[in-house]
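# Structural overview
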Number of protein chains: 2
Amino acid sequence: MRDRFRELGDQAPAPPRTELGPEAYRDWTDEAMRWVAGTGVPALGFPVQMGGTGDYGAAVTGFEMLGHGDLSLTVKAGVHWGLFGGAVANLGTGRHHHLGAAIIDATLPGCFAMTETGHGSDVQSLETTATFAPDTDELVIHSPTPSARKDYIGGAARSARMAAVFAQLVVAGESEGVHCVLVPIRDEQGNPMPGVTISDCGGKGGLSGVDNGRILFDRVRVPRTNLLGRYGDIDDQGRYHSPIESRGRRFFTMLGTLVRGRISVAGSAGSATRSALEIATKYAEQRTQFQAPGSDTEITLLDYRTHQRALLPRIATAYALMFAQNDLVSRMHDVQVQTADGEVSEADQRAVETMAAGIKAYATAFANDTIQTCREACGGAGYLTANRLVTLRADTDVFATFEGDNTVLLQLVAKSLVTSLQRSFGAMDTLDVVRFGSRMVAEAVVEQTSIRGLVQRFKDVWSDRLPYTERAEQLHLFADRETHLLEGLARRLRRATAPGADAFAVANAAQDHLVEAAKAHVERNVLEAFVAGIEACQDADTRILLERVCDLYALSVLERHRAWYLEHDRLTPERSKALIGAVNDLCAELRPHARTLVEGFGIPNRWLGTEMMGVEAI
Amino acid sequence: MRDRFRELGDQAPAPPRTELGPEAYRDWTDEAMRWVAGTGVPALGFPVQMGGTGDYGAAVTGFEMLGHGDLSLTVKAGVHWGLFGGAVANLGTGRHHHLGAAIIDATLPGCFAMTETGHGSDVQSLETTATFAPDTDELVIHSPTPSARKDYIGGAARSARMAAVFAQLVVAGESEGVHCVLVPIRDEQGNPMPGVTISDCGGKGGLSGVDNGRILFDRVRVPRTNLLGRYGDIDDQGRYHSPIESRGRRFFTMLGTLVRGRISVAGSAGSATRSALEIATKYAEQRTQFQAPGSDTEITLLDYRTHQRALLPRIATAYALMFAQNDLVSRMHDVQVQTADGEVSEADQRAVETMAAGIKAYATAFANDTIQTCREACGGAGYLTANRLVTLRADTDVFATFEGDNTVLLQLVAKSLVTSLQRSFGAMDTLDVVRFGSRMVAEAVVEQTSIRGLVQRFKDVWSDRLPYTERAEQLHLFADRETHLLEGLARRLRRATAPGADAFAVANAAQDHLVEAAKAHVERNVLEAFVAGIEACQDADTRILLERVCDLYALSVLERHRAWYLEHDRLTPERSKALIGAVNDLCAELRPHARTLVEGFGIPNRWLGTEMMGVEAI
């Protein structure tokens with residue numbers, strides 16, 4: 001699929017590398033959206049009954065590849081096809097499928113009106129109301145307060161004609177919780193519909209080609225059937241009913257169907273990161289500065305240890321995350337196909353959601369950190385717009401926030417891991433739970449790793465002078481930390497249920513612990529995906545190189561957490577210090593392969609282009 | 001002085017908060033430069049013989065305060081008055097002083113043409129030549145290769161009429177090393193002078209109001225007397241002479257006089273950081289999200305532990321760096337006054353240079369990290385240009401690069417510390433040196449701390465339940481780490497002098513060690529400056545609060561380095577774990593004081609203004 005997109009990329013409109021004003025950039029993005037529509041790629045992401053092909057994994061990979069080109073286009077495409085189209089496909093019913101064609105060819109530009117000025121992370125507390133009016137068989141969409149205003153909505157400021165509006169559904173005076181309703185916000189001429197007030201969010205830190213806007217609704221009426229009613233509908237008699245009784249479960253099921261958005265964000269954060277790494281590595285391979293003592297030859301940047309340290313562990317992590325992304329996309333694809341067929345297991349669904357949240361948070365934080373490092377590694381040249389790094393950095397910045405704030409997501413991940421443990425043993429007393437929980441986690445970890453056949457001794461193919469290059473030892477250290485953090489967490493959170501406990505205080509005190517546990521979970525899964533990816537690799541030379549790249553990912557993570565390993569008696573001070581040296585040595589060993597590795601990302605040259613590689617004439 | 005600038009700030013032109021295109025932003029900056037010139041502030045930075053008042057410390061503080069307003073203006077002012085004007089003042093002689101008036105009132109806009117496309121960090125390898133032509137008594141300025149092009153030069157693209165050009169001085173066929181020459185680059189109408197080719201660097205990641213450009217010289221002739229000849233001049237007979245024999249020492253002495261630039265960058269990085277912290281903290285104090293379990297009340301962001309963790313240690317570090325900046329500015333002022341009087345000690349000068357390099361690298365890295373954290377802490381609102389965080393972030397990004405790449409600077413700091421040790425004991429054999437070196441460092445540390453009266457037991461004024469709040473213990477832990485890192489470094493670098501040693505390989509292998517040692521040196525000095533600042537504080541309540549803020553700075557640094565303390569047996573695993581809890585507890589204790597602390601930065605409200613504080617109407 002990536003190769004197909006690489007070919008498409010060669011015909012794509014050239015990304016706007018010069019500084020456009022926001023309006024011209026939005027024009028370019030609209031134009032490029034039409035090009036994307038013409039490629040036939042968007043149909044991959046929709047079910048057959050909407051005119052698509054149901055190739056969900058391929059669709060997500062498409063967003064990933066677009067991320068090498070231009071991130072405003074990627075986000076705009078993600079909003080229209082992924083979020084707006086995804087809401088119709090996943091939350092709508094048969095009566096909405098006729099919209100498929102106009103969504104797929106983008107003649108009905110849409111937006112996804114979830115976030116409000118007052119509530120972003122806490123979607124359940126949205127204030128916009130959708131009140132059923134039985135007299136006219138309509139829904140009345142209303143923003144009752146200033147903070148109910150829809151905010152930061154991509155596509156709202158200029159292009160969108162239809163909005164998927166998330167609102168508290170009120171039927172017969174009863175609030176049924178958050179549901180999604182299709183609301184036309186502009187007519188064919190682009191004028192706001194009556195009762196709809198739209199404004200522009202104005203300048204942003206990046207993504208200037210995306211027209212983020214605000215929407216206020218003043219008792220806007222739409223037909224009842226505009227409710228996307230798959231998980232909660234109003235029948236012809238005006239009665240609300242839902243296949244899911246629990247309001248909480250209903251809400252999370254609805255949100256869960258939108259998981260593709262997070263996976264797409266992680267994917268395009270990955271492409272942006274890899275673009276930056278290729279640019280900075282190629283620069284570091286040819287740029288020289290300072291002569292060696294007693295020599296006339298200037299040192300190449302990438303021969304400096306600090307430069308190797310800056311780039312090589314990040315190249316390794318980029319590979320690791322790519323394998324994890326492949327794995328996640330493949331699991332998501334299976335779950336979405338099974339959902340369409342009505343035979344998905346809730347556990348699989350939940351596992352994909354948890355991993356999507358974790359990988360999204362991890363990959364976007366890594367993107368911001370890495371692109372910034374690449375910018376600094378290219379010095380003044382890195383600060384020029386022509387060389388793309390500052391734009392990549394500015395555009396991906398908000399990836400840490402949209403599709404779920406990273407800190408909030410990591411807490412969701414940890415809570416979900418702890419909850420799925422706790423659910424298994426209902427009525428045991430606290431101490432039992434702790435003991436059992438601990439064993440459970442340990443077993444779950446061992447089980448997952450053994451399913452993939454990974455807990456075995458790997459042969460160290462390059463050398464045996466470096467410590468910690470036994471894969472089994474790495475996996476054990478990763479899993480051990482995760483297990484211990486989750487055990488401790490289960491114990492701490494259990495206290496919240498004690499009589500008289502202040503549940504918020506208990507959870508709040510554990511917040512940093514939650515975040516660490518979630519990251520440890522992601523890191524272990526990423527390592528396993530890397531190992532599984534190597535297992536699947538057919539080419540012997542490639543495998544040998546990947547093994548060493550995997551070592552560098554593993555060791556750089558262990559190095560970062562060595563305080564924890566020391567505090568928990570998993571490492572002696574001597575072995576901990578040796579880790580630092582091992583990372584240095586691995587960087588030096590991989591340095592000659594740096595170009596191979598960044599070219600291995602397979603980024604279309606046309607999209608990568610910068611002016612930085614040579615010294616250009618004035 | 002800061003209060004004076006606060007009053008001036010109230011009359012300053014309103015910073016451009018809307019998105020200006022680059023040309024309009026440059027217009028605004030030029031206009032604002034005229035306003036700055038009219039305030040009389042620039043005269044503070046110049047010696048009396050140039051029409052100034054010689055208040056060097058006050059001038060640097062002016063740049064710091066400007067940093068609260070607009071960073072393009074700050075940088076543009078820094079380039080013209082600080083770098084260009086500073087070169088004339090510090091490298092020029094009596095024959096250049098008549099330029100003072102036109103520099104101070106900015107009617108002769110200047111630029112500082114040091115960096116070239118091929119060489120930035122390695123200034124000694126610049127390729128531009130200034131060749132003495134005895135027949136016409138002129139200097140011929142020439143760019144012999146494409147990589148000799150002056151690059152990223154602030155002011156060059158549009159406004160500068162005169163450039164301080166750094167070039168290899170060639171007299172009678174002999175190269176005398178890098179010197180600085182005044183070269184007119186534009187005439188009164190703004191057209192490039194003959195032989196001067198100027199182009200625009202184009203879009204940058206930030207600082208859009210600064211017109212960075214490139215300059216190529218094609219055998220441009222200027223009078224011999226345009227050489228800024230204080231440290232190396234050509235006499236009327238066409239002979240080169242210098243008061244400093246060693247070419248290396250001459251070069252570093254020249255660069256050393258330009259130390260104010262680095263201190264100013266650190267200062268304005270500090271103001272940008274404090275602006276971001278005040279914006280994010282005030283937002284976090286009123287923004288709510290999610291209800292507590294079993295409650296209708298939503299939690300204020302700053303009550304979440306992860307949010308406290310994100311902001312409070314950084315507020316503490318911002319205070320710490322402000323005390324360090326005060327100390328550094330005051331020492332720089334004394335040294336510059338003594339230099340003008342011709343009675344400065346080289347040791348004092350070198351100490352200020354070393355600390356300036358260290359603080360610049362540390363404060364600018366802290367700025368980037370902290371402003372980004374503030375952006376993320378404000379979610380989507382943080383991404384809007386109207387709320388300033390993204391602009392602060394984009395503008396300060398390159399502070400990590402200009403006035404010395406941070407990684408290069410930190411290595412200079414460490415090398416200078418090791419060198420000044422090694423210089424003291426000349427011919428001892430290696431083992432002696434190591435032993436003596438180690439004792440030397442330890443003594444130097446003790447001496448410096450005891451000079452300031454800090455190695456004493458402080459009373460813990462708030463509570464005694466927290467570990468590590470004994471100031472003496474904190475100081476000991478900081479100094480101990482620095483000492484140990486420097487000792488190890490001296491030992492490693494000594495190997496480079498062994499017969500047959502590969503000097504580059506030895507130094508390169510120690511690069512990460514150098515960087516860590518330099519940061520440890522900065523961190524210890526910053527802690528001492530904080531403690532000295534508290535000592536000097538007259539108000540009892542303020543002292544009590546500052547003591548706790550100082551604890552948070554100290555403990556958050558110790559927490560970050562706890563792997564090192566564990567590896568080197570300075571902490572037990574239990575005490576190390578307790579550190580994490582102590583930081584959490586301190587954050588909670590300081591949370592009620594967060595507003596007081598950010599308002600204590602004393603940022604003029606007019607400059608801070610954002611739209612984010614309330615929910616504004618459409």
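Residues numbered from 1 in each chain as written. Chains lettered and ligands numbered in written order. Predicted model: local features only at pLDDT ≥ 70, side-chain atom pairs only at ≥ 80, totals over all residues. Heavy atoms only, no water.

- In the nomenclature of an unreviewed UniProt entry, chain A is known as acyl-CoA oxidase of Enemella dayhoffiae.
- In UniProt, chain A has this text filed under Sequence similarities (unreviewed entry): "Belongs to the acyl-CoA oxidase family."
- Among the UniProt annotations of chain A, the heading Subcellular location (unreviewed entry) holds the following wording: "Peroxisome". (UniProt positions renumbered as here; feature names shortened; annotations may be inferred.)

### Some details on the relation of the copies chain A and chain B
- Structural alignment of chain A on chain B gives an RMSD of 0.0 Å, achieved by rotating through 180 degrees and translating 0.0 Å along the axis. Given the turn and translation reported, the copies of this chain are related as if by a two-fold rotation axis. Among all C-alpha atoms of chain A, that of Ala563(A) lies closest to the rotation axis, at 2.0 Å.
- By residue overlap, the copies meet face to face through one surface: 100% of the interface positions of chain A are interface positions in chain B. (Least-squares fit on C-alpha atoms with pLDDT ≥ 70 in both. Contact = heavy atoms within 4.5 Å.)

### A word on unusual backbone geometry
- Here the phi dihedral of Tyr152(A) falls at roughly 60 degrees; this positive angle occurs in a residue that is not glycine.
- Structurally, Tyr152(A) can be placed in strand β4 (residues 150–154).
- Even without being glycine, Arg219(B) reaches a positive phi, approximately 50 degrees.
- Looking at Arg219(B), the relative accessible area reads 54%, which means it is exposed. (Helix = DSSP H or I, 4+ residues; strand = E, 2+ residues; numbered from the N terminus. Buried < 20%, exposed > 50% of the residue type's maximum accessible area, 1.4 Å probe, protein only.)

### Here we look at the sheet that holds strand β7 (residues 196–200) of chain B
Residues and elements named next belong to chain B.
- With antiparallel pairing, the 3 strands of this open sheet are ordered in space as β4-β8-β7. Single-partner strands in this sheet number two, and they are β4 (150–154) and β7. Recorded for the sheet is a direction-independent mean angle of 30 degrees between the axes of neighbouring strands.
- Summarising the sheet, β4 and strand β8 (residues 212–217) pair through 3 bridges and their orientation is antiparallel. (Pairing = 2+ DSSP bridges. Axes fitted to C-alpha atoms, helices over the stretch in contact; angles between N-to-C directions.)

### A short note on the interface of chain A and chain B
- Counting residues at the interface gives 84 residues for chain A, matched by 84 residues for chain B.
- The contact between chain A and chain B buries some 6,400 Å² in all, and 55% of this surface belongs to carbon and sulfur atoms.
- Across the contact surface, chain A and chain B share 4 salt bridges.
- At the junction of chain A with chain B, the criterion picks out 50 residue pairs in polar contact (both at pLDDT 80 or more).
- The residue makeup of the side of chain A that touches chain B, split by class, is 32 nonpolar, 30 polar and 22 charged. (Buried area = accessible area lost by both parts, 1.4 Å probe. Salt bridge = Lys/Arg side-chain N within 4 Å of Asp/Glu carboxyl O. Polar contact = N/O pair within 3.5 Å; in protein donor to acceptor, adjacent residues only side chain to side chain. Nonpolar A, V, L, I, M, F, W, Y, C, P; charged D, E, K, R; others polar.)

### Thoughts on the packing of helix α3 (residues 56–69) of chain B against helix α8 (residues 305–340) of chain B
Residues and elements named next belong to chain B.
- For the pair α3 and α8, the least separation of the axes is 8 Å and the interaxial angle reads 145 degrees. In this structure, α3 uses Tyr 56, Gly 57, Val 60, Thr 61 and Glu 64 to contact α8, whose residues at the interface are Met 322, Gln 325, Val 329, Met 332, His 333, Gln 336 and Val 337.
- When grouped by side-chain class, the residues that make up the contact of α3 with α8 number 6 nonpolar, 5 polar and 1 charged.

### Some points on the packing of helix α1 (residues 2–11) of chain B against α3(B)
Residues and elements named next belong to chain B.
- For the pair α1 and α3, the least separation of the axes is 10 Å and the interaxial angle reads 45 degrees. By the criterion of interaxial angle, the relationship of α1 to α3 is oblique. When you trace α1 past α3, the crossing you get is right-handed. For the pair formed by α1 and α3, the contact residues are Arg 2, Phe 5 and Arg 6 on the first element and Ala 58, Thr 61, Gly 62, Glu 64 and Met 65 on the second. (Parallel < 35°, antiparallel > 145°, perpendicular 65-115°, else oblique. Left-handed = near helix turned anticlockwise from the far one by under 90°.)

### Observations concerning the sheet that holds strand β8 (residues 212–217) of chain A
All names here are of chain A.
- Reading across the sheet, the 3 strands line up as β4-β8-β7 and stay open at both edges, with antiparallel pairing between neighbours. Across the chains shown, the open sheet's two edge strands, defined by having one partner strand only, are β4 and β7 (196–200). Averaged over all pairs of adjacent strands, the angle between strand axes in this sheet comes to 30 degrees, irrespective of strand direction.
- Two strands pair when backbone bridges link them, and β7 and β8 are joined in this way by 5 bridges, in the antiparallel orientation. Each residue of the ladder has a partner; that of Asp 200, found in β8, is Gly 213.

### Quick word on the domain arrangement of chain A
All names here are of chain A.
- Examined at the domain level, chain A breaks down into domain 1 (1–109), domain 2 (111–249) and domain 3 (250–406).
- Placing the centre of domain 2 and that of domain 3 at their C-alpha centroids yields a distance of 32 Å.
- Domain 2 puts 23 residues into the contact, and the matching count from domain 3 is 16 residues.
- Here domain 2 meets domain 3 over a buried area of about 1,500 Å², counting both sides, of which 60% is carbon and sulfur.
- Among the residues of domain 2 in contact with domain 3, Leu 207, Tyr 231 and Arg 249 are the three that bury the most area, contributing 37% of the side total.
- Residues Arg 249 and Glu 346 are paired through a salt bridge, measuring 3.5 Å at the closest nitrogen-oxygen approach.
- For the pair domain 2 and domain 3, the number of links is 15 residue pairs in polar contact (both at pLDDT 80 or more).
- Elements supplying a minimum of two residues to the side of domain 2 that touches domain 3: β6 (174–184) and α6 (247–256).
- At 4 residues, the largest contribution of residues to the side of domain 2 that touches domain 3 is made by β6. (Domains from an automatic or database assignment.)

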